[in-house]
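Structural characterization, general
What follows is each chain in one-letter form.
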Amino acid sequence: LIGEFATRSRQPCQLRLEREVVFRLRRAEHPEAAAADAPLALEVTGLQLEALPEIVALRARLRDMLTATDEGFNVKSVGGWWVGHRDLEFRVGDSKLRRLCDSFQEIATLPLYFQAKGFWGYLHACSRIIDAIEYHQTGARVTASARTRFVDPADEGAAAVGKEMCQEMLQVHRQLAERFAASTVNMGALFE
């Protein structure tokens, strides 16, 4: 079963549920923490966060095509390619990626630089199996993190680019990013 996120959440992924999905709530095992201080873990089997298939295909295609050019495969070159080809190859009615990118246009104050970075980030979305969501308590504050693994271990290179972008966004641009893509920002914080 595939579940699609609403376009305005600006998520470059979808949920894939296996025939059976199981959740277990228990204390996580952490050798450095006493049992009472270990995070509470919501363990999961049968749930994936899957990069949109058109993104995975486009990333491979653009990497192959643009790496061979003088400009290379980077934010500027993929942004230029997207502007020149989106109307021909990614029709609004057929392409979730197109609708995601067009949703940035709804935000009149979002600078083009951040739109380009958003597209670059979308291209580096990777599919992950969600093993657990861990809840950590420090005093009155509770934070969450996810334990995941890649569906395809070959995605590590793309994920490293995505992780670097996510860390920059969380450390430098979080306030701005949360105004325009709160769901994506918080998903990034959870997984990175």
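In this report, the structure presented in the accompanying data block is examined. (Residues numbered from 1 in each chain as written. Predicted model: local features only at pLDDT ≥ 70, side-chain atom pairs only at ≥ 80, totals over all residues. Heavy atoms only, no water.)

Here we look at the overall build of the protein
Basically, it comes down to this: Where helices and strands are cited, they refer to DSSP runs of H or I of at least four residues and of E of at least two residues respectively, numbered from the N terminus. Exposed residues in this analysis have more than 50% of their type's maximum accessible area, buried residues have under 20%, and partly exposed residues fall in between, with area computed by a 1.4 Å probe over protein chains only. Residue exposure ignores everything except the shown protein chains as possible cover, and the areas themselves are Shrake-Rupley values with a 1.4 Å probe.
Secondary structure summary: the protein contains six helices and five strands in total. Start at the N end of the protein and walk to the C end: the helices and strands fall as β-β-β-α-α-α-α-β-β-α-α. The 192 residues of the protein split such that 39% are buried. When the accessible surface of the protein is split by element, carbon and sulfur atoms take 54% of a total near 11,100 Å².

Some thoughts on the pattern of salt bridges
Selection criterion: Salt bridges are defined as contacts in which a side-chain nitrogen from Lys or Arg sits within 4 Å of a carboxyl oxygen from Asp or Glu.
Throughout the structure, instances matching the rule amount to eleven salt bridges. A salt bridge links Glu 4 to Lys 96, with the nearest nitrogen and oxygen atoms 3.4 Å apart. One end of the pair, Glu 4, is in strand S1 (residues 2-4); the other, Lys 96, is in helix H3 (residues 96-103), and 92 residues separate them in sequence. Judged by relative accessible area, Glu 4 falls into the exposed class, the value being 54%. With a closest N to O distance of 3.5 Å, Asp 155 and Arg 59 form a salt bridge. Residue Asp 155 is found in the loop between strand S5 (141-150) and helix H5 (156-172), and its partner Arg 59 is found in helix H1 (residues 53-67); the two are separated by 96 residues along the sequence. Judged by its relative accessible area of 12%, Asp 155 falls in the buried class. When salt bridges that share partners are traced, they join Arg 24, Arg 26 and Glu 43 into one network.

Structural notes on the pairing of S5
Sheet faces and side chains relate simply in a regular strand, where the side chains alternate between the two faces. As a reminder of what qualifies: If DSSP finds at least two bridges between two strands, the strands pair.
Direction of pairing for strand S4 (residues 128-138) relative to S5: antiparallel, over a ladder of ten bridges. Residue pairing for S5: His 136 is matched across the bridge by Thr 143. The hairpin formed by S4 and S5 contains two residues between the paired strands, and Gly 139 there has a positive phi angle of roughly 65°.

Topic: the nonpolar core
Nonpolar side chains tend to gather and get buried jointly when the protein is soluble and globular. To keep things clear, this is the line we draw: Among buried residues, the Ala, Val, Leu, Ile, Met, Phe, Trp, Tyr and Cys ones that are joined through side-chain atoms within 4.5 Å form a nonpolar core. Should any heavy atoms of two residues lie within 4.5 Å, those residues are counted as being in contact.
Among the nonpolar cores identified, the biggest contains 19 residues, and Leu 58, Leu 62, Val 78, Trp 82, Leu 97, Phe 119 and Tyr 122 are the most heavily contacted of them. Elements with a minimum of two residues in this core: H1, helix H2 (75-89), H3 and helix H4 (112-123). In this view, Phe 119 contacts Leu 58, Val 78, Trp 82, Leu 97 and Cys 101; residues no more than four positions away in its chain are not counted.

Re the side chain of Arg 128
Just so we agree on the cut-off: N or O atoms within 3.5 Å of each other form a polar contact, as long as, within protein, one can give a hydrogen and the other can take it, and as long as residues adjacent in sequence are counted only when both atoms are side-chain atoms.
With respect to the helices and strands, Arg 128 occurs in strand S4. Arg 128 gets classed as buried once you look at its relative accessible area, which sits at 12%. At a separation of 3.1 Å, a polar atom in the side chain of Arg 128 contacts the side chain of Thr 148.

Some words on the sheet that holds S1
Quick note on the threshold: Fitted lines through C-alpha atoms give the axes, limited to the stretch in contact for helices. The angle between two N-to-C directions lies from 0 to 180 degrees.
Judged by pairing direction, the sheet is antiparallel, and its five strands sit side by side in the order S1-S2-S3-S4-S5 without closing on themselves. Whereas interior strands pair on both sides, the edge strands pair on one side only; in this sheet they are S1 and S5. Each adjacent strand pair in this sheet contributes to an overall mean axis angle of 35°, direction not counted.

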